[in-house]
Amino acid sequence: MREDTKASQSKNAPQSKNAMQSSIALQARGAAQSGTAPQERNASRTGEAPQTRGVSRTGAAPQARSASQTKAPSQARAAQQSTAAGKQGESRPPENAIGRKKKRAALPEEVIVLDHVVKSYSTGAPALNGISLKVKRGEFVFIVGDSGSGKSTLIKLLLRELLPTEGGITVNGTNVVRLRRRKIPKFRRGIGVVFQDFRLLKDRNVYDNVAFAQLIIQAKARDIRKNVPMMLSLVGLAGKYKAKPKQLSGGEQQRVALARALVNNPPILLADEPTGNLDPKNSWEIMKLLEEINEKGTTVLVVTHNREIVNAMKKRVITMKKGVIVSDEEQGAYIDED
Ligand code: ADP
Ligand code: MG
């Protein structure tokens, strides 16, 4: 992630960063309003919170659009990515839960397919140099490898943050290479994402951080009131819904990020070094949660350096080195790079 952070920082002019943050803050405020008590009561009387409607019909659309165009700073971008939201809000009618369920049933057997993928950046050797890979629905996969071996590039390709230089990529049945720009936000709703650095909205409490993801897909207020507490219970944070991120431990912050990534019920969860900033105990707790989420049916792909956990969990392990896959083992182990 060091490279990514550098890259995203260098791409961001300070102005666009500020604009982005305030646009996210505005949207988050909408989330806050639809989530907290007085407005909630309001919402239950009218069926849908007026604030929610306001944001989705007017506020969110232009803001979200400029957000995704100006290359978000990491925190705000994560909020959008993990909610799989990018440019959402663009005049698309909200999908209801039934609609999404139907789509999920139609997912192909192989939810991730890479076919001879090459990704070259403008400088240096290709970051990925001929990757072919298939992940079946419901699988749990670790991706391991030295720093610089191309793991984060792979994740970015799956999110259609980057396009491959060569080769084919299909995710959730969508041909990512041919995907039209305006369809990217909808595509990303099918993927939950978590990162090493949590990327929570710092000035929002736990509840609002998770509700934000639902607000972005224009979920109904009553669904938000049901789904957010349900996700917080799943990650063991029901009692901390009012806390701000800085009042939480790293492990708790990562659990909030997980709840946010999953609240819209995506069929795939991508995690790029999710335990990179955590101590061993919290790392284990996060990995166990990922396993639990996988057992409930979500396909999970985890980039990690955590040798002990990889060796103990006996999952499929894909090892990358200098942009190629050097090993792919069911119930594999962490392979030494040297
Ligand atoms: P990993 O996540 O395994 O550490 P990355 O996918 O971040 O690896 O990087 C793979 C290679 O691509 C590295 O050599 C890195 O320096 C290079 N790289 C990553 N991002 C960029 C970028 N935006 N521009 C140029 N080179 C990059
Ligand atoms: Mg990385």
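Residues numbered from 1 in each chain as written. Chains lettered and ligands numbered in written order. Predicted model: local features only at pLDDT ≥ 70, side-chain atom pairs only at ≥ 80, totals over all residues. Heavy atoms only, no water.

Draft legend 1. Summary view of helix H11 (residues 250-262). For H11, with 13 residues, the first-to-last C-alpha span of 18 Å sits near the 18 Å given by 1.5 Å per residue. Among the 13 residues in H11, 12 count as buried, and that is most of the element. When H11 is considered as a whole, its buried residues turn out to be Gly251, Glu252, Gln253, Gln254, Arg255, Val256, Ala257, Leu258, Ala259, Arg260, Ala261 and Leu262. (Helix = DSSP H or I, 4+ residues; strand = E, 2+ residues; numbered from the N terminus. Expected span 1.5 Å × (residues − 1). Buried < 20%, exposed > 50% of the residue type's maximum accessible area, 1.4 Å probe, protein only.)

Draft legend 2. Seen up close, the sheet that holds strand S8 (residues 299-303). With mixed pairing, 6 strands are arranged side by side in an open sheet as S6-S7-S8-S3-S9-S10. Each edge of the sheet is formed by a strand with only one pairing partner; in this case those strands are strand S6 (191-195) and strand S10 (324-329). Going across the sheet, the axis of each strand differs from the next one's by a mean of 15°, ignoring polarity. As paired elements, strand S7 (residues 268-272) and S8 share 5 bridges and run parallel to each other. Across the sheet, residue Ala271 finds its bridge partner in S8, namely Val302. Contacts from H11 reach S6 and S7 within the one sheet, and its direction differs from that of S6 by about 165°. (Pairing = 2+ DSSP bridges. Axes fitted to C-alpha atoms, helices over the stretch in contact; angles between N-to-C directions. Contact = heavy atoms within 4.5 Å.)

Draft legend 3. How the structure looks around the packing of aromatic side chains. Evaluated as defined, the whole model comprises 2 aromatic pairs. On the numbers, 6.4 Å between centres and 70° between planes, the contact of Tyr207 with Tyr241 is edge-to-face. Note that Tyr207 is positioned in helix H9 (residues 206-216) and Tyr241 in the loop between helix H10 (221-234) and H11, a separation of 34 residues in sequence. A cation sits over an aromatic face here: Arg199 above Phe195, 3.9 Å from the ring centre. Geometry around Phe140 places Lys315 over its ring, the cationic atom sitting 5.1 Å from the centre. (Phe/Tyr/Trp six-rings, centres within 6.5 Å; stacked < 30°, edge-to-face > 60°. Lys NZ or Arg CZ within 6 Å of the ring centre and 35° of its normal.)

Draft legend 4. View of unusual backbone geometry. One non-glycine residue, Glu273, adopts positive backbone phi at about 50°. Inspection of the secondary structure puts Glu273 in the loop between S7 and helix H12 (280-295). One non-glycine residue, Lys322, lies in positive phi territory at about 45°. Note that Lys322 resides in the loop between strand S9 (316-321) and S10. In this structure Lys322 comes out as exposed when scored by relative accessible area, which is 71%.

Draft legend 5. How the structure looks around the confidence of the model for the protein. Residues at a pLDDT of 70 or more form 68% of the protein, whose mean pLDDT is 79. Note that residues 1-73 has pLDDT below 50 and, in this model, 103 contacts with residues that lie over four places away or in other chains. In this model residues 83-102 is a low-confidence stretch, pLDDT under 50, and it forms 49 contacts with partners more than four residues away in sequence or in other chains. (pLDDT = per-residue confidence, 0-100.)

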